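Below, each chain spelled out in residue letters.
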Protein chains: 2
Amino acid sequence: MQEEIRKTADEILSLVGEGKLSSLRPLVSEMNPADLAEIMEELKENELPLFYRILPKELASEVFSYMEPDLQELLIRSFSDRELAAVIKDMYLDDTVDMIEEMPASVVVRILQNTDPAARKQINELLQYPQDSAGSLMTLEYVSLREDMTVEEAFARIRREGVDKETVYTCYVTNRRRLVGIVTVKDLLLADYETKVSEIMTDSDSVISVGAYEDRDAVVQAFSKYDLMALPVVDKEDRILGIVTVDDAVDVMEEEATEDIEKMAAIIPTDKSYFKTGIFETFRKRFPWLMLLMVSATFTGGIITSFEGALGKFPVLVAFIPMLMGTGGNAGGQASVTIIRGLALGEIEMRQVLRVIWKELRVALVCGVALAIAGFLKIILIDNLIMGTGVSMLESVTVCITMLLTVIVSKIFGGLLPVVAKRMGFDPAVMASPFITTLVDAISLLIYFTVASLILPM
Amino acid sequence: MQEEIRKTADEILSLVGEGKLSSLRPLVSEMNPADLAEIMEELKENELPLFYRILPKELASEVFSYMEPDLQELLIRSFSDRELAAVIKDMYLDDTVDMIEEMPASVVVRILQNTDPAARKQINELLQYPQDSAGSLMTLEYVSLREDMTVEEAFARIRREGVDKETVYTCYVTNRRRLVGIVTVKDLLLADYETKVSEIMTDSDSVISVGAYEDRDAVVQAFSKYDLMALPVVDKEDRILGIVTVDDAVDVMEEEATEDIEKMAAIIPTDKSYFKTGIFETFRKRFPWLMLLMVSATFTGGIITSFEGALGKFPVLVAFIPMLMGTGGNAGGQASVTIIRGLALGEIEMRQVLRVIWKELRVALVCGVALAIAGFLKIILIDNLIMGTGVSMLESVTVCITMLLTVIVSKIFGGLLPVVAKRMGFDPAVMASPFITTLVDAISLLIYFTVASLILPM
C-alpha cells in the first residue's frame, strides 16, 4: 500500500474501532474501491457488515467485487436476500462467476436463487468451462454490431446497451453469431456518421481470437504479443461466445508467473495469498516435494557410501563434495530456469530443442573451463599455500576435471529436461532448481568418483 | 507461434526464398503485424529490406514497431532518409523512444535528424527519465479536455486529435496542466451532449496516478490492483506529464517477472530473449554468481575437513550429508521464494516481518517433524532392515534431530533474508534458492556436527 493510502487506512481503521461510523463517510467516499477492499481485510469480523453498509451505494458493489473470496463469503452470510440480489445485479458476470467458483455449495445456491433467471442461465453456461480455460475467463457482456449498421446506428446501440458491458471500446461485428470483424470506438469516432460498419471494421481474417477450451496461457500470450484490450473467445465454428478483457488477462498473467515461480521452488501452487494460507495448507503445499527430494537425496548418500574405500584413501576429496555438488546444481538450475521461462513466454519452441542443447553446451564449456581454472588457482594458492591443506596435484586435477564435466552435464540436463517434460505433457516448471539440483548432486558424485578412480592411484 | 500461423509463416518464408515476392502480397496483407514481425526474425539479412518494402504502407510502420531492436537497426541502415522519416512519423512516441534507447549512437543521430522538430523535442524530454522509471514508460500522446467543455465539444476534440493518440478512451481533464479529473469515452457516450465534462468526470482525488521518477514496479502494481486501461504520470505539483498505457504495462509485467525469476536462479537479468543472447553474453550473466557461490561452498568443505575426526569415527554420517544439505536448501528456498514473490506483488509488507517469521517457524516445525519421522523410518526400515547398512540408534537420532533443526533454521533464514535485503535497499530476489542453499549447506553441517558431538560418544 502506498504511504498516503496507508495513512487514510489507519485513520479509517481507528474510527471504526471507536465506533465513529458517521465520520467515516467523507473519508470513504473519496477512496478507490480496490483500496477499500484491501482496508476491509484488516477489519474484525463483526465490523465488516457495519462498515460495508456505510459505503455509498454505487461504490459498495464495486468494492465487493474487489474483495477476497473469504470476506465476500462472510458478507454474503450477513446479507438479506434483497441485499444479495442487488450486489449480484451490479457485478459483472465474469466477476460473479469467479466468486461462485470459490464459494461453498450452500452459498452458491443462495447466490443463484437471488440472481434473475437470464443472468443465472449465463452464469451456468460460464461455469461449465474447465478451470484455467479461456472460456472460464470470459464475460458474455460485450457489444455486438451488424455489418450493415451505420456509424450512427452503432453509436446508438452502444449508448443503449453499453451501461452493463464491461468494455464498449472494442465492438464485435457478427452475422448469425459468427464473428465477421471488430471495430473499435476509436474507428467509429474518427468516421462519418453515414459510413457503414463494414467499411471500417477489421476483417475477421486478421482478428485474433482464442478457442473456449484453450488454456489460459494462450490468452495471456495473445494479450502480450498483440497488445490487445479485449480478446474474443470463439467456438469451433468461429461463433463468438464471449470476450476476455485486459484487466482479467493482467490478473492471470500475475497468477501464472506466481505459479511458475512456486513450481520452480518445489512448492505446489496455491492461488491464495501468503497470509491467507493456513499453516497446514502451507505444509501440504511444501511437504510433498521436500519428502520426494529428501528420499532422492538418500541415493546420493548411497553413492558416497559405496565409494567409502576411495574416500578413506584420499580423505581430502570429501571436502570438495559440497563445492562440486553446489556448483553443478546452480549451473543446471540456471539453464533449466532460463528454458522454462523461455517456453512459458513462447520465446523458445519445442522444435528448437537441438539449438537449446547446442547453446547450453557451448555456454557450459566456457563456464566450466573458467570455474575449473578458478578452482585450481584457489586450491593451489589458498588451500595449499595459505591454509596448508596439502592437496596433491593429482587431487587438484581430479577436482577441476570433475568441475568441468559436472557443469557441462548439469547445463545440458538443465536445458533438456524442461523440454522433455513439456513434450511428455508435464509442466516444465517442475524441472527447475530443486529437481535439477537433486539429480545433479548424484551425477556430480558419480563423475567425481569415476574421475578419481582414473586419475588417482587406487 | 500457433500452428495455423506457423503454416502461413513457412509458406511466406519459402516464397521469399524462391524470390517470388509478388505472390507474397495477398498472404502478407491478411496477417497481424506482430506475427509479421516474428516471421521477419527468420529472414536472411539481405531478404529483410526487400520483404519490408512489400508490406502495404499502412501495415509497414506497425510491423516495424513490433520488431526486435537488432532487426530495426538493420532496416534503418537500409532506409533512405525519406523512408526513415515516414516510419518515425507513423510510430507512437513511446515506441520510438524505446527503440532509440537500444540503438547505437550513430543510428540515434540519424533517427533524430529525420524526426520533425516538435517530435524531437518530446523525444528528448522522454529520454531524460531514468531507465525503469514511470517517466521512461510513458507517452505524451493523450487527449486532454477542459472542465467547462460540453460532451459534444469533448467528442469534437477527440475526433480532431484522436488519430495520433495512443488511447482515446480515457481523457484527462486539466486546468493549466494540473490534472483535475478523468473522463472515459464510455462516460461521454452515456451522457447527453449538453452535459459539462466537470459533471461526469471522476474527480482527481480518486484518480490513481504515479510520479515520473517512481519505479516501474509501482506502475505495474497500480495496473494490476486498480484494473486500469491507462495511468497518468504526474510531477510533484500534480501536473500531468504523460500516460502509461496498459499494453506497455503488460510488457513490463512480463519483463519484471522474468527478471525476478532470473535473479532467483542466480542469473544476472538480461532483457534479450534466449536465442538473441550470445554465448559470451550468457556466460557473463551466469558466471559471476556461479563463481561467488562456488567460493562460498568451499567454506562448507572446510567445515567437513574440520570435523574429519568425528567422520572417521562414525563414517556412516557422511552418507547423510547430501540428504541433510539438500533438504535444508529446498526448505529454505521454498520460504524465500514465497516471501520474494509476496513482496513483489505487494501481498507482504515490510512491517509484517514478525508475522512472516512466526508463520515460517510453525510451518517449519510441522515440516521438520514430518521429515524427521519419515527419515527415521526410512533409516530403520530400508537402510538397516533391507540394505543392512547398520546405522545405530544414536546415529539415526542424530540425523533426525539435525533434520528438524535444519528445516527450522532454513525456513527462518528463507523468510527473513528477503525482507532484510529489501530493507537494506537490495533486491530481495537475489536471496532465493541458490544463495539460501549455499548458506544453509554450511549451517546444516554445523548443526549436524554439533548434534553429533552432543549425542554420540566422541
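1. Some remarks on the packing of helix H19 (residues 321–345) of chain B against helix H22 (residues 433–455) of chain B
All names here are of chain B.
Now for step 1: Look at H19 against H22: their axes get within 8 Å of each other, and the N-to-C directions meet at 135 degrees. When the axes of H19 and H22 are compared, the pair comes out oblique. In this structure, H19 meets H22 at a crossing whose hand is right-handed. Across the interface between the two elements, Leu-324, Met-325, Gly-328, Gly-329, Gly-332, Gly-333, Ser-336 and Val-337 from H19 touch Ser-433, Ile-436, Thr-437, Val-440, Asp-441, Ser-444 and Tyr-448 from H22.
Now for step 2: Considered class by class, the residues forming the contact of H19 with H22 number six nonpolar, eight polar and one charged.

2. Quick notes on unusual backbone geometry
Negative phi is the rule for most residues except glycine; trans is the rule for most peptide bonds.
All names here are of chain A.
Now for step 1: At Arg-176, a position not held by glycine, the phi torsion is positive, near 50 degrees.
Now for step 2: Relative to the assigned elements, Arg-176 resides in the loop between strand E2 (170–175) and strand E3 (178–184).
Now for step 3: Classification of Arg-176 by C-beta neighbours within 10 Å gives exposed; the count is 6.
Now for step 4: Phi is positive for Ala-266, close to 60 degrees, though the residue is something other than glycine.
Now for step 5: Topologically, Ala-266 is positioned in the loop between helix H16 (246–264) and helix H17 (279–306).

3. Digging into the relation of the copies chain A and chain B
Now for step 1: Each copy of the sequence occupies a distinct position, and chain A is placed on chain B by a rotation of 180 degrees and an axial shift of 0.0 Å, giving an RMSD of 0.1 Å. Expressed as a symmetry operation, the mapping of one chain copy onto the other fits a two-fold axis.

4. A closer look at the interface of chain A and chain B
Now for step 1: Chain A puts 91 residues into the contact, and the matching count from chain B is 90 residues.
Now for step 2: Going through the elements one at a time, helix H12 (151–161), helix H13 (185–189), helix H15 (216–226), H16, H17, helix H19 (321–345), helix H20 (353–386) and helix H22 (433–455) of chain A are the ones with two or more residues in the side of chain A that touches chain B.
Now for step 3: No other element matches H17(A), which puts 17 residues into the side of chain A that touches chain B.
Now for step 4: Considering only residue class, the side of chain A that touches chain B consists of 50 nonpolar, 23 polar and 18 charged.

Conventions used here
- Residues numbered from 1 in each chain as written.
- Chains lettered and ligands numbered in written order.
- Predicted model: local features only at pLDDT ≥ 70, side-chain atom pairs only at ≥ 80, totals over all residues.
- Axes fitted to C-alpha atoms, helices over the stretch in contact; angles between N-to-C directions.
- Helix = DSSP H or I, 4+ residues; strand = E, 2+ residues; numbered from the N terminus.
- Parallel < 35°, antiparallel > 145°, perpendicular 65-115°, else oblique.
- Left-handed = near helix turned anticlockwise from the far one by under 90°.
- Contact = placed C-beta atoms within 7 Å.
- Nonpolar A, V, L, I, M, F, W, Y, C, P; charged D, E, K, R; others polar.
- Buried ≥ 20, exposed ≤ 12 C-beta atoms within 10 Å, placed from the backbone.
- Least-squares fit on C-alpha atoms with pLDDT ≥ 70 in both.

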